[in-house]
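Survey of secondary and tertiary structure
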Amino acid sequence: MRAVARDVAFFVEHLKGQVADISFELAGRARALAGETGGRSVAIVVGEGARALAGQVACDVAVCVDTPEVARYNPLAYAGAVAAVARAREPFALLFGNTSQGLDLAPAVAAALERPLLAYCREVRVEGEKVVGVSQVYGGKVMVEAEAPAGAVVTLMAGAYPADAGRGAPGAVEEAAAAVDAARVRFKALIEPEAADVDITKQDVLVSIGRGIQSQDNIQLAVELAEALGGAVSASRPIIDAGWLPKARQVGKSGQTVKPKAYLAFGISGAPEHLEGMRDAGLIIAVNTDPKAPIFDVAHYGVVADLFDIMPALTEKVKAAAG
């Protein structure tokens, strides 16, 4: 195994000129780990406008690659650029988000660098000359701790660490040239989904429903409560799969990650995939008839009751309090 430096590097994910929240989470964690290794936190920013994007991220140094080959996202070009920067710097660890883009790039970069990969991590830490990751497997039902030599590539789950710790500005910005071969893949167009009627990621209050709502007609109960609270209705995957609400309302691993001030979960058991999308809400209130439902493990307040008893009564109380 080649010798490595003490720096901790991370890939900055972005879209349409905006840095993704996961990148701020990585920035904060990289700085903390670099404090333990005695190195620096290094942001790797690839793409058009890399220098401007780097200016949003707190790190010791940002390395920018902004060449025609990487003007738009291209997995071959991006992986080649990140690998080139990492090969020159040999970081103690290289962090990616456990996102569609991160999972697109991290394995390719690890292979190019001949470094081990720790994926689906909810935690990453340094122990001596080892990188230790705690990975979420089998949909979050099992947590596995694994260690790798210094130089490992790691993908971190969204929400594993706070994003605020990574917001700021870099101590220094450097330009890097990376010769990449992207001839086999060409960017043609960015196809975006139609705008949703409501952006649940921007709501302060969410009334979220699961299987316990029983039928599409009963969703009106959640709508009335959400309107009384000044929020919106969201749902777990079974409601979306049934076609009762649009995909834009789904909370969870295959839906949206939300962080409202208050998250009210009615009839949601709390599958790991759902918890991944809402566990960072400021206040979580759960109502379920099953006292052993996993949702109660993350809820600040829980009620073991029938949602059809609680939801209408709560709506009346809220309306009365509002006058």
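Structure shown above.
The structure presented is a predicted model; accordingly, all values stated were derived computationally and were not measured.

Rules used throughout
Residues numbered from 1 in each chain as written. Predicted model: local features only at pLDDT ≥ 70, side-chain atom pairs only at ≥ 80, totals over all residues. Heavy atoms only, no water. Helix = DSSP H or I, 4+ residues; strand = E, 2+ residues; numbered from the N terminus. Rg over C-alpha atoms; globule rule 2.2 N^0.38 Å. Buried < 20%, exposed > 50% of the residue type's maximum accessible area, 1.4 Å probe, protein only. Contact = heavy atoms within 4.5 Å. Areas by Shrake-Rupley, 256 points an atom, 1.4 Å probe, with all protein chains shown as cover. Lys, Arg positive; Asp, Glu negative; His and termini not counted. Charge placed at Lys NZ, Arg CZ, Asp CG, Glu CD. Pairing = 2+ DSSP bridges. Axes fitted to C-alpha atoms, helices over the stretch in contact; angles between N-to-C directions. Disulfide = S-S within 2.5 Å. Patch = residues over 30% accessible without salt bridge, like charges linked within 9 Å, V, L, I, M, F, W, Y side chains within 5 Å. Salt bridge = Lys/Arg side-chain N within 4 Å of Asp/Glu carboxyl O. Phe/Tyr/Trp six-rings, centres within 6.5 Å; stacked < 30°, edge-to-face > 60°. Lys NZ or Arg CZ within 6 Å of the ring centre and 35° of its normal.

Our focus in this paragraph is the overall build of the protein. When helices and strands are counted, the protein shows eight helices and 16 strands. Computed over its C-alpha atoms, the radius of gyration of the protein comes to 22 Å, within 12% of the 20 Å expected for a compact globule of 323 residues. By principal-axis analysis of the C-alpha atoms, the protein measures approximately 65 × 45 × 35 Å. By residue count, 47% of the 323 residues in the protein fall in the buried class. The long-range fraction of contacts in the protein, counting pairs at least 24 apart against all pairs at least 6 apart in sequence, stands at 63%. For the protein, the accessible area works out to roughly 15,100 Å², and carbon and sulfur atoms hold 52% of it. One way to put it: in the protein the 31 positive side-chain charges average out to a point 3 Å from where the 38 negative ones average out.

Strand order in this open sheet of five strands is E13-E12-E14-E15-E16, and the pairing throughout is parallel. Two strands in the sheet have a free side with no partner beyond their single neighbour: strand E13 (232-235) and strand E16 (301-304). Pairwise comparison of adjacent strand axes, ignoring direction, gives a mean angle of 20° for this sheet. Judged from the four bridges that link them, strand E12 (residues 205-209) and E13 form a sheet pairing that is parallel. Its bridge partner lying in E13, leucine 206 is registered against alanine 232. Lying over the sheet, helix H5 (residues 219-229) contacts E12, E13 and strand E14 (262-266), oriented at roughly 170° with respect to E12. Packed on one face of the sheet, helix H8 (residues 307-322) meets E12, E14, strand E15 (283-288) and E16 and runs near 140° to E14.

In this fold, methionine 157 is placed in the loop between strand E10 (152-156) and strand E11 (173-175). Methionine 157 sits 148 residues away from alanine 305 along the chain, and the two C-alpha atoms are 32 Å apart. In this view, methionine 157 contacts Ile22, Glu25, Asn98, Tyr120, Cys121, Arg122, Gln136 and Glu276; residues no more than four positions away in its chain are not counted.

Turning our attention to the state of the cysteines. Overall, the coordinates contain zero disulfides when judged by the stated rule. The thiol sulfur of cysteine 59 is not disulfide-bonded, and the nearest other cysteine sulfur, from cysteine 64, lies at 8.7 Å. On the accessibility criterion, cysteine 59 (3% relative accessible area) is buried.

The subject of this paragraph is the environment of isoleucine 209. On the secondary structure map, isoleucine 209 appears in strand E12. Along the backbone, isoleucine 209 and alanine 265 are 56 residues apart, and their C-alpha atoms lie at a distance of 6.0 Å. Sequence-distant contacts of isoleucine 209, that is, excluding residues within four places in its chain, are made with Ile219, Ala222, Val233, Ser234, Ala235, Ser236, Ile239, Leu245, Phe266, Ile268 and Met311.

Read across the open sheet, the nine strands follow the order E9-E8-E7-E10-E6-E1-E4-E5-E11; overall the sheet is mixed. Because the sheet does not close on itself, it has two edges, and the strands there are strand E9 (142-149) and E11. Sheet twist, expressed as the average angle between the axes of neighbouring strands with direction ignored, equals 30°. Here helix H1 (residues 21-37) sits on the sheet in contact with strand E1 (8-11), strand E4 (41-46), strand E6 (93-97), strand E7 (117-127) and E10, set at roughly 175° to E1. Each of E1, E6, E7 and E10 is contacted by helix H4 (residues 100-113), which is oriented at about 155° to E6, the strand it contacts most.

What follows covers a nonpolar patch on the surface. Taken together, the side chains of Leu15, Phe187 and Leu190 present a nonpolar region at the surface, about 280 Å² in accessible area. Tracing the backbone through its elements, the reader meets leucine 190 in the loop between E11 and E12.

So, about the packing of aromatic side chains. Counting across every chain of the model gives three aromatic pairs. With centroids separated by 4.9 Å and ring planes inclined at 75°, the aromatic side chains of tyrosine 73 and tyrosine 78 adopt a geometry described as edge-to-face. On the accessibility criterion, tyrosine 73 (26% relative accessible area) is partly exposed. Accessibility expressed as a relative area gives 4% for tyrosine 78, which makes it buried. Ring pairing ties together the aromatic residues Phe11, Tyr73, Tyr78 and Phe96, which thus form one cluster. When the ring centre of phenylalanine 24 is taken as reference, the NZ or CZ atom of arginine 167 above it lies at 4.3 Å.

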